[in-house]
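Descriptive analysis of the structure
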Amino acid sequence: LWTQAQRPHAGPVVIGFTGTNTHGEDLRMIEDAFIQISAKHGHGVAFQFMGCTTDRLAQLPGARVADFTPDYETFARTLQSTPIDVAVISLEDNRFNRCKSNIKWLEYSACGIAGIYSDLAPYNSCVRHGQTGLLVGNSVQDWFDAIDTLISNESLRRSIAQQARQEVLSAYTLASSRVQLYAEAYRAIAGRPR
């Protein structure tokens, strides 16, 4: 599903957020960072929300909101073809979020999108800060600084996107050498008596 990287596009730097409506609190946590980014960069930025937004963020200049896509194959095609330069993956620090997978890093990286991630277990176990993404604390200032950095530093943004894509495609796909680990786990589980 994840074969196409984002293509460079003209226009403002697009900040993206995808997720189901269950991520409302995760997004509200950093609303003010988005608003400050919009105020600082004006027409130099746009926002793409897919599946989840807040009332305040939907009103930002340059904001586009797309409905949640429940079909994963359609979601993959849509994400690969929707211009996004910087993905934002904020998670409140709670027990539920600390048990999530790194799926957003895998998806954005496969698309060649630089990402900023909450410095929590789903992401700090795989993201190499400054190389395959940015890890940040959960204050508004942390998020503002990280987003501002990737808006202002195109070479860092592109480098992170390229390195993350290369790592995901070489180590996290079924075509990679890790497929054997999955096969061994499935054989071990299937071979156990009930």
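Below: a short report on this structure.

What counts, and at which threshold
Residues numbered from 1 in each chain as written. Predicted model: local features only at pLDDT ≥ 70, side-chain atom pairs only at ≥ 80, totals over all residues. Heavy atoms only, no water. Buried < 20%, exposed > 50% of the residue type's maximum accessible area, 1.4 Å probe, protein only. Helix = DSSP H or I, 4+ residues; strand = E, 2+ residues; numbered from the N terminus. Arc of directions from axis to C-beta. Contact = heavy atoms within 4.5 Å. Disulfide = S-S within 2.5 Å. Pairing = 2+ DSSP bridges. Polar contact = N/O pair within 3.5 Å; in protein donor to acceptor, adjacent residues only side chain to side chain. Axes fitted to C-alpha atoms, helices over the stretch in contact; angles between N-to-C directions. Patch = residues over 30% accessible without salt bridge, like charges linked within 9 Å, V, L, I, M, F, W, Y side chains within 5 Å. Areas by Shrake-Rupley, 256 points an atom, 1.4 Å probe, with all protein chains shown as cover. Salt bridge = Lys/Arg side-chain N within 4 Å of Asp/Glu carboxyl O. Core = buried A, V, L, I, M, F, W, Y, C linked by side-chain atoms within 4.5 Å.

Among all positions of helix α4 (residues 72-81), only F75, A76, L79 and Q80 are buried. Down the axis of α4, the buried set is contained in an arc of 125°. They therefore lie on one face. Looking at the buried positions of α4, the neighbouring elements they touch are β1 (13-18), β2 (45-50) and α6 (103-110).

Throughout the structure, instances matching the rule amount to zero disulfides. Here C52 is not disulfide-linked; the sulfur of C111 is the nearest cysteine sulfur, at 19 Å. Residue class for C52 comes out buried when judged on its relative accessible area of 5%. C99 carries a free sulfur, and the closest cysteine sulfur to it, the one in C126, is 15 Å from it.

Residues V86 and V88 line one face of strand β4 (residues 86-89) and the alternating positions A87 and I89 line the opposite face, and both faces are buried. Taken together, the two bridges between β1 and β4 define a ladder with parallel strand orientation. By the bridge assignment, G16 is partnered in β4 with A87. In this sheet, strand β5 (residues 114-118) lies alongside β4 in parallel orientation, the contact comprising four bridges. Looking at β5, one finds that V88 is bridged to I116.

To continue, consider the environment of I147. With respect to the helices, strands and loops of the structure, I147 is situated in helix α8 (residues 140-152). With 132 residues separating them in the primary sequence, I147 and I15 have C-alpha atoms 8.2 Å apart.

Turning to the side chain of E167, a few remarks are in order. Note that E167 resides in helix α9 (residues 154-171). With relative accessibility at 18%, the residue E167 sits in the buried group. Of note is the side chain of E167, whose polar atom sits 2.4 Å from the side chain of R128. Not counting residues within four places of it along the chain, the set of residues in contact with E167 comprises W105, C126, R128, T132 and Y172.

The six strands lie next to each other as β3-β2-β1-β4-β5-β6, forming an open sheet whose pairing is parallel. In the strand order of this sheet, the two ends are held by β3 (63-66) and β6 (134-136), each with one partner. For this sheet, the mean angle separating the axes of adjacent strands, direction not counted, is 20°.

Judged by side-chain polarity, L1, Y72 and I103 come together as a nonpolar surface patch covering roughly 280 Å² of accessible area. Its place among the elements puts I103 in helix α6.

On to the nonpolar core. Formed by 29 residues in total, the largest nonpolar core has its most connected members in I15, F34, F47 and I116. If you list the elements that add at least two residues to this core, you get β1, α2 (31-41), β2, β4, β5, β6, α8 and α9. Ignoring any residue separated from it by four or fewer positions in sequence, one finds F34 in contact with I15, L27, F47, F49, L57, L60 and V88. Residues L106, Y108, V127 and V168 belong to the second largest nonpolar core, which totals 25 residues.

Here S38 is to be found in helix α2. You can call S38 buried: its relative accessible area is 8%. Excluding residues that lie within four positions of it along the chain, S38 makes contacts with V45, F47, L60 and P61.

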